[in-house]
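Here is what each chain is made of, one letter per residue.
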Amino acid sequence: MREVEGLHRTIDWKGAFWIASGVPALVLISIGGMGATAGKLAFLVWAISVLMGLSQAYSYAEIGGLFANKSGGAAVYGAAAWLRYSKLTAPLSVWCNWFAWSPVLSLGCAIAAGYILNAIAPIPVFTAESAEVGAWLKMASHAAAIDGKSLEDATKIAIAALTEAGTPALRSFKLVSFSLFGMANIEIGATFFIGAILMLVAFAIQHRGILGTARVQMWIGLLVVIPMLIVGIVPFLNGSVHYDNYVPLLPPTGAWNNGGWTQFFGALFIAGWSTYAFETAVCYTREFKNPASDTKKSIISAGMLCVVLYTLVAATFQGYLGLDGMTQPGIVDGTGVAAAMGNMVGTGSAIVTHLLEMMMILALVLAIMMAMAGSSRTLYQGGVDGWLPKYLAHTNENGAPTKAMWTDLVFNLGLLTFAASDATAYYLILSISNVGYMLFIFLNLQATWIHRIDSPNIPRPYRAPNWLVGFNAVLGFVNLLFMGAGAKVWGNPNALWYGLVFALLIIPVFLYRHYVQDKGRFPDHMLLDLDLKGQDLGERRAGILPYLTLALGAGVILFGHYYFQLPPA
């Protein structure tokens, strides 16, 4: 494989839009967990969160337009603003964005593997009325097992025994299984191997470069977006949506007390991991044919799609299923979502359900490919700009950042051993990665006004309204409040601290790159887009303001964590 000069300019804004079209599928990953956490407020949480994401996108569109020669998204563009003030804060932005995005691969593969297993090795379903249950109860060899039991208890024993006996060996196959320090289970079994195959398929598609990826994403996207629109609209027309499932607008505690607000903020915290994700559309600036116009068009069009699908799909799921239905195990772990959608559109037929199951697998593949495309380019640009190890700054003959993609792949194979085990591990991974995401969001919403102050004369193809830049800067602090208060909501009281510790892992990585590999010098090209050459980082015109912003952000996190507490069990 020969080394070539970086990424290729082969797509326009529509290509980035179709790559980002995998974002709406993320609502299906956590819609059940959201119902369990936010209760009847779930639909409102999704609507608020996606509208916040759309507002924030205008700030990213502005700073993305400043860097026609960089890929990697808002994290890379924002890092250039913070570099003047702290060598460590700048790479934190890039690192946090990467480890927020990368787990989409493992989480999406785990759920997609579950659907595939349900198709090729389904677990048999028995009820009290099943002929097999009656026959089992009559067998003399089972008399001891049900002796002295009531008919109801004996029936439960029969169902459990028949289910265990009828479960295919593939479902129970485990090569390795153990507990990791009591936090989560590590499991390498059928789900892991199927998920690994899906990752390798995504890798193979993207090996051809961004243009080939965008074309594949377009066709998969159409097969996903259209059914999601149908599911979001038809239940309102066929009478399947019930108003009582939306009210009263109270958290699960039943009151807007401290515990209720904590659950609400926790729901908004995890929703942002999905609803803000269309910012990936600006990861491909270096690959746009016309970055000056394509950058804004790509992110705003992707944002509009997400606003429509997130609000509609979340509202119809809740309106049809109600709180009890949304908290069923199959909805929470994602494997029963397709069957629920089949019932929502009024058919419930096996054929429609199977088609929707295929759509769910395609939706998850869409999200997996989107995550690999975006997160690998963040790694790649980190390697090019001096934040991350040099080996990441490699592309193949098609302009694909293959070494960054391999890094993503290996990292997520490790995470897949967690995600394939249980829901507790799934949401722990989600919470930790989202701590990084909220830190990235905060740093980059502030980077917009820092760039305005420090680089006022650099041409901006798009300039967001002043009031919106200020409003989005405030939203950065709001997101930190959600993180501080809400990370503990998702099954582990220490999720916030785990996430912050993982964020700090960038320090030794950056120190190795900057002081060992680069001998304390940044690459000469790093800030060329800002008309800065060599080691000239530019004047610190913002003065003390960025430092005060960081201090206030830390205060908001600590306040949120210690003031807002979970309701008593």
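Conventions used here
- Residues numbered from 1 in each chain as written.
- Predicted model: local features only at pLDDT ≥ 70, side-chain atom pairs only at ≥ 80, totals over all residues.
- Heavy atoms only, no water.
- Helix = DSSP H or I, 4+ residues; strand = E, 2+ residues; numbered from the N terminus.
- Buried < 20%, exposed > 50% of the residue type's maximum accessible area, 1.4 Å probe, protein only.
- Contact = heavy atoms within 4.5 Å.
- Areas by Shrake-Rupley, 256 points an atom, 1.4 Å probe, with all protein chains shown as cover.
- Phe/Tyr/Trp six-rings, centres within 6.5 Å; stacked < 30°, edge-to-face > 60°.
- Polar contact = N/O pair within 3.5 Å; in protein donor to acceptor, adjacent residues only side chain to side chain.
- Salt bridge = Lys/Arg side-chain N within 4 Å of Asp/Glu carboxyl O.
- Axes fitted to C-alpha atoms, helices over the stretch in contact; angles between N-to-C directions.
- Parallel < 35°, antiparallel > 145°, perpendicular 65-115°, else oblique.
- Nonpolar A, V, L, I, M, F, W, Y, C, P; charged D, E, K, R; others polar.
- Core = buried A, V, L, I, M, F, W, Y, C linked by side-chain atoms within 4.5 Å.

**Let's talk about the overall build of the protein chain**
What the protein chain contains, in helices and strands, is 23 helices and two strands. Sorting the 569 residues of the protein chain into buried and exposed places 59% on the buried side. Within the protein chain, contacts between residues separated by at least 24 positions form 82% of all contacts whose residues are at least 6 apart in sequence. When the accessible area of the protein chain is evaluated, it comes to approximately 21,500 Å², of which 67% is carbon and sulfur surface.

**Details of the packing of aromatic side chains**
Ring pairs (aromatic) are described by centroid distance and by the angle formed between their planes. Considering all chains together, one arrives at 26 aromatic pairs under this definition. Note on W98 and F411: the rings are 4.9 Å apart at their centroids and 50° apart in plane angle, and the pair reads as tilted. Of this pair, W98 sits in helix α5 (residues 89-101) while F411 sits in helix α18 (residues 402-419), and the two are 313 residues apart along the sequence. By relative accessible area, which is 5% here, W98 ends up buried. Since its relative accessible area comes to 24%, F411 is described here as partly exposed. Centroid distance F559 to Y563: 5.2 Å. Interplanar angle 10°. Geometry classified as stacked. Taken together, the residues span about one helical turn, with F559 and Y563 both in helix α23 (residues 545-563) at a distance of four residues. Residue F559 is classed as partly exposed on the basis of its relative accessible area of 47%. Aromatic rings pair up to connect W256, W261, F264, F265, F482, F559, Y563 and F564 into one cluster.

**A few points about the side chain of S433**
Within the secondary structure layout, S433 lies in helix α19 (residues 423-454). Its relative accessible area of 1% is what places S433 among the buried residues. At a separation of 3.4 Å, a polar atom in the side chain of S433 contacts the side chain of W273. Apart from the residues lying within four places of it in its own chain, the contact partners of S433 are F99, A100, P103 and W273.

**Describing the pattern of salt bridges**
Counted according to the given criterion, the structure contains seven salt bridges. K156 is the salt-bridge partner of E152, the closest N and O atoms lying 3.8 Å from each other. Remark: K156 and E152 occur in helix α9 (residues 151-166); sequence separation between them is four residues, near one turn of the helix. Where salt bridges share partners, they join E62, R452 and R460 into one cluster.

**Some points on unusual backbone geometry**
The amide bond that connects V247 to the next residue, P248, takes the cis arrangement and shows omega of 0°. Among the secondary structure elements, P248 is positioned in the loop between α12 (210-237) and α13 (258-275). With phi around 55°, K519 is a residue other than glycine that occupies positive phi space. Note on placement: K519 falls in the loop between α22 (506-517) and α23.

**Let's talk about the packing of helix α21 (residues 495-504) against α22**
Relative placement of two packed helices is described by the angle separating their axes and the distance separating the axes. The interhelical angle for the contact between α21 and α22, taken along N-to-C directions, is 5°, at an axis separation of 5 Å. Judged by the angle between their axes, α21 and α22 are roughly parallel. Contacts between α21 and α22 pair F502, A503 and L504 from the former with I506, I507 and P508 from the latter. Residues of the contact of α21 with α22, tallied by class, amount to six nonpolar, no polar and no charged.

**Quick look at the nonpolar core**
Buried together is how nonpolar side chains tend to be arranged in soluble globular proteins. If you look at the biggest cluster of nonpolar residues, it comprises 171 residues, and the most contacted ones within it are L26, M34, F269, I299, F317, W387 and M483. Grouped together as the second largest cluster of nonpolar side chains are seven residues, V133, I146, A154 and L162 included.

**Quick look at helix α16 (residues 337-344)**
Here α16 lies mainly inside the structure; six of its eight residues are buried. Here α16 has its buried residues at V337, A338, A340, M341, G342 and M344.

**Section: the environment of A371**
By the element assignment, A371 lies in helix α17 (residues 350-385). For the pair formed by A371 and V23, sequence separation is 348 residues and the distance between their alpha carbons is 9.1 Å. The residues touching A371, leaving out its near neighbours within four places in the chain, are W101, V104, L105, S376 and D408.

**Topic: the environment of I557**
Summarising the element assignment, I557 is placed in helix α23. Sequence separation between I557 and A485 is 72 residues, and the spatial gap between their C-alpha atoms is 7.6 Å. When residues no more than four places from it in sequence are discounted, the contact partners of I557 are L439, L480, M483, G484 and L496.

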